[in-house]
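# Coordinates in review
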Amino acid sequence: MVLLVIGILMGIYGTVILIGEKGNRFSIAWYLTGGFFFVSSVLLKHGVLRGGLLAVWIAAVCAYTAMLAVNCMHILHACMSDPDENCRELLVLGARVMPHGGPSNALRYRCRSAADYLKEHSDCGCIVSGGKGVDEPCSEAECMQRVLMEMGIDRNRIRLEDKSRSTIENLRYSKQMLDSPDESIAVVTSSYHLYRSLRIARRMGMKNVSGIGAKTKVLYLPSALYRECLSIAMDSVIEKFRRWKMSYTYAHRGGSDDDA
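This text gives an overview of the structure that appears in the document. This is a predicted model, so every value here is computed, not measured.

Right, let's get into the packing of helix α1 (residues 2–20) against helix α2 (residues 27–45). In the contact formed by α1 and α2, the axes pass within 7 Å of each other and the chain directions differ by 165 degrees. Considering the angle they form, α1 stands roughly antiparallel to α2. Considering how the two elements wind past one another, α1 and α2 form a crossing that is left-handed. Here α1 contributes L3, L4, I6, G7, M10, G11, Y13, G14, T15, I17 and L18 to the contact with α2, which in turn contributes S27, W30, Y31, T33, G34, F37, F38, S40, S41 and L44. Class assignment for the residues of the contact of α1 with α2 results in twelve nonpolar, nine polar and no charged.

Glancing now at the pattern of salt bridges. One pass over the structure, following the stated rule, counts seven salt bridges. We note a salt bridge from E239 to R203, for which the minimum N-O separation is 3.7 Å. Linking E239 in helix α8 (residues 221–259) with R203 in helix α7 (residues 194–203), this pair joins segments that are 36 residues apart in sequence. By relative accessible area, which is 36% here, R203 ends up partly exposed. Salt bridges linked by common partners bring R203, E239, R242 and R243 together as one network.

For the rest of this paragraph, the subject is the side chain of S27. By secondary structure assignment, the location of S27 is in helix α2. With near-sequence residues (within four places) excluded, S27 lies in contact with G14, I17 and L18.

Quick look at a negative patch on the surface now. Taken together, the side chains of D82, D84, E85 and E120 define an acidic patch exposed on the protein surface. Within the secondary structure, D82 is located in the loop between α3 (51–79) and β1 (89–93). For D82, a relative accessible area of 65% translates into the label exposed.

The biggest cluster of nonpolar side chains holds 26 residues, and the ones touching the most others in it are L90, V92, C126, V128 and L148. Going through the elements one at a time, β1, α4 (105–120), β2 (125–129), α5 (140–150) and β4 (185–190) are the ones with two or more residues in this core. Looking at which element gives the most residues to this core, the answer is α4, with six residues. By size, the runner-up hydrophobic cluster in this structure holds 22 residues, among which are I17, W57, Y192 and Y220.

Moving on to α2. Taking 1.5 Å per residue as the helical rise, α2 with its 19 residues ought to reach 27 Å, and the 27 Å between its terminal C-alpha atoms agrees with that figure. Of the positions making up α2, those classed as buried are S27, A29, W30, T33, G34, F37, S40 and S41. Buried residues of α2, seen end-on, are gathered within an arc of 165 degrees and therefore sit on one face of the element. Exposed and facing more than 90 degrees away from the buried side of α2 are I28 and L32. Directly beyond the C-terminal end of α2, a positive phi value near 75 degrees is found at G47.

To continue, consider the sheet that holds β2. Reading across from one edge, β3-β2-β1-β4-β5 is the order of the five strands in this open sheet, with parallel pairing throughout. Of all strands in the sheet, those bounded by a partner on one side alone are β3 (158–161) and β5 (209–214). Shown here is a sheet whose adjacent strand axes are inclined to one another by a mean of 25 degrees, direction ignored. Summarising the sheet, β2 and β3 pair through four bridges and their orientation is parallel. If you follow V128 over to β3, its bridge partner there is L160. Against the sheet, helix α6 (residues 167–177) touches β1, β2, β3 and β4, its axis set at about 125 degrees to β3.

Time to look at the state of the cysteines. Overall, the coordinates contain zero disulfides when judged by the stated rule. Here C79 stays unpaired: no disulfide links it, and the sulfur of C72, its closest cysteine neighbor, is 10 Å away. Unpaired in this structure, C87 has its nearest cysteine sulfur neighbour in C124, at a distance of 5.9 Å. Classification of C87 by relative accessible area gives buried; the value is 4%.

Moving on, we get to the packing of aromatic side chains. Aromatic ring pairs: the centre-centre distance and the angle between the two ring planes describe each pair. Within the structure shown, the criterion is met by six aromatic pairs. Note on Y13 and W30: the rings are 4.8 Å apart at their centroids and 75 degrees apart in plane angle, and the pair reads as edge-to-face. Taken together, the residues span a long stretch of sequence, with Y13 in helix α1 and W30 in helix α2 at a distance of 17 residues. Judged on exposure class, the residue Y13 and its partner W30 are both buried. Ring plane angle 75 degrees and centroid distance 5.4 Å describe the contact between F36 and F37, whose orientation is recorded as edge-to-face. Residue classification places F36 among the partly exposed positions, given a relative accessible area of 38%.

So, how was this worked out
Residues numbered from 1 in each chain as written. Predicted model: local features only at pLDDT ≥ 70, side-chain atom pairs only at ≥ 80, totals over all residues. Heavy atoms only, no water. Axes fitted to C-alpha atoms, helices over the stretch in contact; angles between N-to-C directions. Helix = DSSP H or I, 4+ residues; strand = E, 2+ residues; numbered from the N terminus. Parallel < 35°, antiparallel > 145°, perpendicular 65-115°, else oblique. Left-handed = near helix turned anticlockwise from the far one by under 90°. Contact = heavy atoms within 4.5 Å. Nonpolar A, V, L, I, M, F, W, Y, C, P; charged D, E, K, R; others polar. Salt bridge = Lys/Arg side-chain N within 4 Å of Asp/Glu carboxyl O. Buried < 20%, exposed > 50% of the residue type's maximum accessible area, 1.4 Å probe, protein only. Patch = residues over 30% accessible without salt bridge, like charges linked within 9 Å, V, L, I, M, F, W, Y side chains within 5 Å. Areas by Shrake-Rupley, 256 points an atom, 1.4 Å probe, with all protein chains shown as cover. Lys, Arg positive; Asp, Glu negative; His and termini not counted. Charge placed at Lys NZ, Arg CZ, Asp CG, Glu CD. Core = buried A, V, L, I, M, F, W, Y, C linked by side-chain atoms within 4.5 Å. Expected span 1.5 Å × (residues − 1). Arc of directions from axis to C-beta. Pairing = 2+ DSSP bridges. Disulfide = S-S within 2.5 Å. Phe/Tyr/Trp six-rings, centres within 6.5 Å; stacked < 30°, edge-to-face > 60°.

Coordinates in, geometry out; function isn't part of it.
Below, the structure written as structure tokens:
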């Protein structure tokens, strides 16, 4: 019964996200997770999940829950850190632009956090980063520039990076615009996104990097956290595979050289 209720609630929340965020495709993850619990409830009721199969199911659910919990702890820890007070540049990461050309809630909150810092630190500039998605009327960088100017930030303090399509590209292309990779910078993004963004930035060689977290509407926070936890897990898998591939290639080529 508990699993059935969990499955139904997840399906309802997925619908809320789909409607409230106007077509947010991540709602499918809530439908799939809710469906998993719904089907599990039916299988338990009919005695299909039992014995060894039930043990495997419990282990899988516990491992998945532990992964989410650990990643949430990483996210929370990153949110508690303060930005460097002597940043020379802010890297403001993009978010969705609405069909009418205005910023989504996430994008506006990121701009507000950036604007607050820039007003208090007149020597700091910013790079707004984000390309144009297929369903966006303009690039995220253009939209952010406009919003920041409306918030009182001088146009000359804002540089545009409008080619990126992902967090990795946001940071990679923005890094190319920095005067030096060693200068003190702060990544501005939603609080739940700080941990992954800072981890990627440091992996790219940005040594003096801190973060500024923007708020997220409470209603959408569970969905944002869930998506981010999955993204962190996927990034970890990809990074480990990349390192394994490099090690394997190096060892294989080394063996070939010795044989020669």
